[in-house]
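# Coordinates in review
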Amino acid sequence: MIKLGVIVDSGSHVAAWRHPDVPADAAWSFDHVLNVTRTAEAGLFDMVFFADALAAEHVGDDRTAGFSEPAKHLEPLLLLAALAVSTRKIGLVSTATTTYYQPFHLARYFATLDHISGGRAGWNLVTSLNLGEAVNFGLHEHPSREERYLRAREFFGVVRDLWGSWDADAFVYDKQSGSFYDKQKFRRIDHQGAFFNVAGPLNVPRSPQGRPVVTQAGSSAAGMSLGAETADVIFTAQVELGAAVEFATDIRKMAAGFGRDPASVKIMPGIVPFVAASKEEARRKLDRLDDLVDPSFGTAILSELLGGTDLSGHDVDGPLPPLPASNASVGRQSLFVRQAQEQALTIRDLYKKACVANGHRLLFGTASEIADELICWHRAGAADGFVLIPAWLPGGLQDFVAEVVPILQERGYFRLAYEGNTLRANLGLEVPN
């Protein structure tokens, strides 16, 4: 069965907030977030997903300031706690960076969310890319990529051990004997490492689903290795079937190398669907959004995704210039450079892709054509499922739920009802020991 998630904000397009059907204040509106989440749950999606950064975006650069939302939503863990009591089945996943959080805080936050939601919490493990995060935490720049990934691995190990520091049946609540918990069924983790010293145990009981689901989105060599070692779900940007199959094959081999069952890692590429009566009409939906983007703003957005290279002095209808190595998202930079070379794309072509999808795959067509594409990738082994990144919300999701989901169900590729009450159960993941 195909798994489905959706990123919740105003929409992936940088001009989404200007769309007539999107609330202008969607980034700050809980009603908007709840509406989108309930639409996804009605469509039987596995999860809603909140990308996040610990900094305001596009406010320190005259090329970008004022054009777009400084944040795509309110603080996500608080939002997810509110969504947990307003929904019943759908998974609730948020980004939290290993670069600037502390393991004990993060382990406690997500374990608490898992209890509030009855076992539907997920943590998207990332290392920070946005320079604004560094300066908000007293640094002039991020640590090196190598250091960030070393810290991330150790961070994950501490969090995993904290989540496992109480046995599932440790709390006996025996009022007669006065025994609240069995002292044989907890353990201090006594972690001492290069980045963290943490004694434990966690001051929250074992998670209802064993431990929260872990997702990861790195596509560089270091990111793939980290995901294969740690993640239950891999988010990835893939635009070509052959490359997607190769990526999925590599992840599964890496997972096996870490002693994991390759089938336990669910690979979910991002897609930006435009559903309409024809491909031409679907493309016009994107064209209307693209027309709302100032070229200087679009170029600045592309520059950020390429690691900060200033493209403002180059002809937007000319080719992409040679780029220096990035200390940010190496995988995303490589993706854009490869597309530019293989498809002879101009800077304008590339910034249009950046403004809507950050390098993710655009799908245009009828509901049946889009369903065909998803089934093709699933059958080829390129994807266990997909993360929708609608260009605008709620409309982009509503179209998919109303038109594409029924076709996937009719063809036997998508559930007719949730399989269980936890995110792990619905993703088909085992409960960890």
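Residues numbered from 1 in each chain as written. Predicted model: local features only at pLDDT ≥ 70, side-chain atom pairs only at ≥ 80, totals over all residues. Heavy atoms only, no water.

### Topic: helix H11 (residues 347–357)
Every buried residue of H11 is accounted for by Ile347, Leu350, Tyr351, Ala354, Cys355, Val356 and Ala357. Remark: Asn358 follows H11 within two positions and exhibits a positive phi of approximately 50 degrees. (Buried < 20%, exposed > 50% of the residue type's maximum accessible area, 1.4 Å probe, protein only. Helix = DSSP H or I, 4+ residues; strand = E, 2+ residues; numbered from the N terminus.)

### Some words on the pattern of salt bridges
By the definition in use, this model includes twelve salt bridges. A salt bridge links Asp384 to Arg252; the shortest N-O distance between them is 3.4 Å. Taken together, the residues span a long stretch of sequence, with Asp384 in the loop between helix H12 (367–379) and strand E13 (385–388) and Arg252 in helix H7 (residues 241–257) at a distance of 132 residues. The structure contains a network of salt bridges with shared partners spanning Asp46, Arg415 and Glu419. (Salt bridge = Lys/Arg side-chain N within 4 Å of Asp/Glu carboxyl O.)

### Details of the pairing of strand E1 (residues 3–7)
Counted residue by residue, E1 has five buried out of five residues, so it is predominantly covered. Sheet analysis places E1 next to E13, joined by four bridges and oriented parallel. Bridge pairing in E13 links Lys3 to Gly385. Sheet topology places E1 next to strand E2 (residues 47–50); three bridges connect them, and they run parallel. Paired with Gly5 across the two strands is Met47, which belongs to E2. (Pairing = 2+ DSSP bridges.)

### Regarding the nonpolar core
The biggest cluster of nonpolar side chains holds 69 residues, and the ones touching the most others in it are Leu4, Phe45, Trp123, Trp163, Leu374, Leu397 and Phe400. In terms of residues, this core owes the most to one element, helix H5 (residues 145–163), which gives eight residues. Core analysis: the second largest hydrophobic core is formed by 27 residues, Ala26, Val213, Ala282 and Leu289 among them. (Core = buried A, V, L, I, M, F, W, Y, C linked by side-chain atoms within 4.5 Å.)

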